[in-house]
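Residue-level listing of the chains:
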Amino acid sequence: CAKREGRNRFALFTEEMNSTVVERVTLESYLNAALEKGEFCCHFQPQMATADDRIVGVEALLRWTNPVLGRVPPLKFIPVAEDTGLILPLGLWALETACAQQVRWLSQGLPPLRMAVNISPLQFRNREFCDQVRAIVQRTGIRAEHLELELTESAVMADAESSVGILRELRDSGIRLAIDDFGTGYSSLSYLRKFPLDRLKIDRSFVSGIDRIPANELIVKAIVALGGSLGLDVIAEGVETPEELECIERCGCSEYQGFRLSEPLTAEDFAHWFEDSGYV
Ligand code: C2E
Ligand code: MG
Ligand code: MG
Ligand code: MG
């Protein structure tokens, strides 16, 4: 019993317990109502081709602002939404919002950008997932080849045999597929070869300080080589400095994303940023 270990120990124990549990319960109660109350929005972070400095796409990233809690970062609320199941309707909302935005930008004269959307493992494993994605493509009018789903290694490797079927179904609809945070999870190379993928997204942890950390450079080179031999494009995420950019280019990465180029922006700010940037 904690009490026997003395007063201080007891107090510390309960305080820590309480703050974690209270934070979690508070988050959960606000989160459940947040979708209906319209508290979410999507921000968009540009992706650039290293060869010709063209903007080739954007990644949609969920943002939550609650009147009481303020801004809550995705790394805090996504895991809770996964536990409660809210990620299912929330993920669909993000997907539809992102697709609709891509179509709106097109109508405003922006070039056809690839729209990358994060998909949680729970969504991917949902029986209706493929149908739901196709319905959203239809409703929003986005061309399927302009949509890219970002899946994690753990999501597709968990039940690799059934993943092959799901991925093929999505791919047959023309949708692009990327593995997010590549290198941080566990991937079976034989399945990577079987999966109909388009892109590997190198995790930020390997990109960060790549110009100073030889091991990171070796890992990025290895992922680029792997991608090349599997016929997959490779994009680096989290590029923050000119030195990192130079290094990932030297490693053969064809695209990148990160604060070096731009942080995630609102839809309106992105359109302005794009027009002002002079990029085409
Ligand atoms: P992710 O998909 O790997 O997204 C990249 C994260 O890195 C984003 O964090 C982005 O803001 C951040 N980032 C981009 N460039 C840089 C950089 O140069 N330096 C640093 N330090 N960070 C950079 P964010 O927006 O906080 O999202 C965190 C994670 O939350 C995402 O990681 C993704 O796993 C998840 N997430 C976000 N939106 C969604 C969504 O709509 N659905 C699902 N299922 N997950 C989402
Ligand atoms: Mg992502
Ligand atoms: Mg990522
Ligand atoms: Mg990451």
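Residues numbered from 1 in each chain as written. Chains lettered and ligands numbered in written order. Predicted model: local features only at pLDDT ≥ 70, side-chain atom pairs only at ≥ 80, totals over all residues. Heavy atoms only, no water.

With an unreviewed UniProt entry as reference, the protein chain is termed CBS/GGDEF/EAL domain protein, source organism Methylococcus capsulatus.

J.: Looking at this model, I keep getting lost on helix H11 (residues 242-250). Mind explaining?
T.: Residues lying three or four places apart along an α-helix face the same way, a consequence of the helix completing one turn every 3.6 residues. Residues of H11 that are buried: Glu 244, Leu 245, Cys 247 and Ile 248. The arc that holds the buried residues of H11, viewed along the axis, is 165°, so those residues lie on one side. Projecting away from the buried face of H11 at angles above 90 degrees are the exposed residues Glu 246 and Arg 250. Looking at the buried residues of H11, the elements they touch are helix H9 (204-207), helix H10 (214-230), strand S8 (233-236) and strand S9 (255-257). Immediately downstream of H11, the backbone of Gly 252 shows phi near 95°, a positive value. (Buried < 20%, exposed > 50% of the residue type's maximum accessible area, 1.4 Å probe, protein only. Helix = DSSP H or I, 4+ residues; strand = E, 2+ residues; numbered from the N terminus. Arc of directions from axis to C-beta. Contact = heavy atoms within 4.5 Å.)

J.: Quick question: what am I supposed to make of helix H2 (residues 74-84) here?
T.: Among the residues making up H2, those that are buried are Phe 77, Val 80 and Ala 81. Seen end-on, H2 carries its buried residues on one side only, within an arc spanning 100°. Away from its buried face, by an angle of more than 90 degrees, H2 presents the exposed residues Leu 75 and Asp 83. One or two residues past the end of H2 sits Gly 85, with phi positive at roughly 90°.

J.: What exactly am I supposed to notice about the nonpolar core here?
T.: For soluble globular proteins, the rule of thumb is that nonpolar side chains tend to be buried together. Formed by 79 residues in total, the largest nonpolar core has its most connected members in Trp 105, Leu 147, Leu 149 and Leu 170. In terms of residue count, the dominant contributor to this core is helix H3 (residues 87-107) (7 residues). Those residues in contact with Trp 105 that lie beyond four places of it in its chain are Phe 44, Val 58, Leu 110, Leu 113, Met 115, Ala 267, Phe 270 and Ala 271. (Core = buried A, V, L, I, M, F, W, Y, C linked by side-chain atoms within 4.5 Å.)

J.: Got a minute to help me understand the coordination of the magnesium ion (ligand 3) in this structure?
T.: Here the magnesium ion (ligand 3) is held by Asp 180 (OD), Asp 181 (OD), Glu 237 (OE) and Glu 237 (OE), and the distances to it run 2.1 to 2.7 Å. Between consecutive donor residues of the magnesium ion (ligand 3), the sequence gaps follow D-D-x55-E. The magnesium ion (ligand 2) is placed at 3.7 Å from the magnesium ion (ligand 3), the two being bridged by Asp 180. For Asp 180, a relative accessible area of 6% translates into the label buried. (Donors = N, O, S within 2.8 Å, 3.2 Å for Na, K, Ca; no water.)

J.: Please clarify how a negative patch on the surface should be interpreted in this entry.
T.: A contiguous patch of negative charge, built from Asp 53, Asp 211, Glu 243, Glu 246 and Glu 249, is present on the exposed surface. Along the chain, Asp 53 falls in the loop between strand S1 (40-49) and strand S2 (54-66). The exposure class assigned to Asp 53 is partly exposed, which follows from its relative accessible area of 43%. (Patch = residues over 30% accessible without salt bridge, like charges linked within 9 Å, V, L, I, M, F, W, Y side chains within 5 Å. Areas by Shrake-Rupley, 256 points an atom, 1.4 Å probe, with all protein chains shown as cover. Salt bridge = Lys/Arg side-chain N within 4 Å of Asp/Glu carboxyl O. Lys, Arg positive; Asp, Glu negative; His and termini not counted. Charge placed at Lys NZ, Arg CZ, Asp CG, Glu CD.)

J.: Even after reading the chapter, I still don't get the side chain of His 43, so can you show me in this structure?
T.: Considering the arrangement of structural elements, one finds His 43 in strand S1. Overall, His 43 belongs to the buried group, its relative accessible area being 18%.

J.: It is not clear to me how the site of ligand 1 should be interpreted in this structure. Could you clarify?
T.: The environment of ligand 1 is made up of 23 residues, and the closest members are Arg 63, Asn 118, Asp 180, Glu 240 and Phe 259. Separating an oxygen atom of ligand 1 from a side-chain N or O atom of Asp 180 is a distance of 2.9 Å. Glu 240 is positioned with one of its side-chain polar atoms (N or O) 2.5 Å from a nitrogen atom of ligand 1. Here ligand 1, which alone exposes 810 Å², has 84% of that area covered by the protein. Elements supplying a minimum of two residues to the shell around ligand 1: S2, H2 and strand S6 (176-182). By residue number, the principal contributor to the shell around ligand 1 is S2, which donates 4 residues. Across the shell around ligand 1, the residue classes break down as 10 nonpolar, 5 polar and 8 charged. (Near = heavy atom within 4 Å. Polar contact = N/O pair within 3.5 Å; in protein donor to acceptor, adjacent residues only side chain to side chain. Nonpolar A, V, L, I, M, F, W, Y, C, P; charged D, E, K, R; others polar.)

J.: Looking at this structure, I do not really get the packing of aromatic side chains. What am I missing?
T.: What characterises a pair of aromatic rings is the spacing of the ring centres plus the angle enclosed by the ring planes. This structure, assessed with the given rule, holds 9 aromatic pairs. Among the aromatic residues, those joined into a cluster by ring pairs are Phe 44, Trp 105, Phe 270, Trp 273 and Phe 274. (Phe/Tyr/Trp six-rings, centres within 6.5 Å; stacked < 30°, edge-to-face > 60°.)

J.: Sorry if this is basic, but what is going on with unusual backbone geometry here?
T.: One can expect most non-glycine residues to show negative phi and most peptide bonds to be in trans. With phi around 55°, Asp 53 is a residue other than glycine that occupies positive phi space. Unusually for a residue other than glycine, Asp 181 sits at a positive phi of about 50°. Here Asp 181 falls in the partly exposed class, since its relative accessible area comes to 26%.

J.: Help me out: how do you make sense of the pattern of salt bridges in this one?
T.: Should the charged atoms of two oppositely charged side chains come close, the side chains can pair. Within this structure, the stated rule accounts for 18 salt bridges. When the shortest N-O distance is used, the salt bridge between Glu 148 and Arg 114 registers 3.8 Å. Here Glu 148, found in strand S5 (residues 147-152), pairs with Arg 114, found in strand S4 (residues 114-118); they are 34 residues apart in sequence, far enough to count as distant. With a relative accessible area of 1%, Glu 148 lands in the buried category. Exposure remark for Arg 114: the relative accessible area of 10% places this residue in the buried category. Several salt bridges share partner residues, and in doing so they unite Arg 114, Glu 148, Arg 199, Asp 233 and Glu 255 into one network.

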